[in-house]
Amino acid sequence: MFRAIADVLRQIGGAIATVVTLPFRALARLFGGASSSTRGHRA
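Residues numbered from 1 in each chain as written. Predicted model: local features only at pLDDT ≥ 70, side-chain atom pairs only at ≥ 80, totals over all residues. Heavy atoms only, no water.

**Re the pattern of salt bridges**
And then number 1: In the structure shown here, the tally under the stated rule is one salt bridge.
And then number 2: A salt bridge links D7 to R10, with the shortest nitrogen-to-oxygen separation between them at 2.8 Å. Note that D7 and R10 are positioned in helix 1 (residues 2-39) at a spacing of three residues, about one turn of the helix.
And then number 3: Taking the relative accessible area as the measure of exposure, D7 reaches 33% and is therefore partly exposed.
And then number 4: Taking relative accessible area as the criterion, R10 reaches 56% and is therefore assigned exposed. (Salt bridge = Lys/Arg side-chain N within 4 Å of Asp/Glu carboxyl O. Helix = DSSP H or I, 4+ residues; strand = E, 2+ residues; numbered from the N terminus. Buried < 20%, exposed > 50% of the residue type's maximum accessible area, 1.4 Å probe, protein only.)

Given below as structure tokens:
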């Protein structure tokens, strides 16, 4: 039973993490793309 609760909490935490990090990823991609065009592209 505890394993089921832990799995649910893990899925909820993962969903919250993705929702929270998505805007930051978009901003990082925007600023990263803008800055990488000036100082050379690095993967």
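**What about a nonpolar patch on the surface?**
And then number 1: On the surface, M1, F2, I5, V8, L9, I12, I16, V20, F24, L27, L30 and F31 cluster together to form a nonpolar patch covering roughly 1,400 Å² of accessible area.
And then number 2: Turning to its location among the elements, I5 is positioned in helix 1.
And then number 3: Relative accessible area serves as the criterion here: at 40%, I5 is assigned to the partly exposed category. (Patch = residues over 30% accessible without salt bridge, like charges linked within 9 Å, V, L, I, M, F, W, Y side chains within 5 Å. Areas by Shrake-Rupley, 256 points an atom, 1.4 Å probe, with all protein chains shown as cover.)

**Observations concerning the environment of T21**
And then number 1: If you trace the backbone, T21 turns up in helix 1.
And then number 2: Under the relative-accessibility criterion, T21 is labelled partly exposed at 31%.
And then number 3: At 3.3 Å, the side chain of T21 and the backbone oxygen of T18 are in polar contact. (Polar contact = N/O pair within 3.5 Å; in protein donor to acceptor, adjacent residues only side chain to side chain.)

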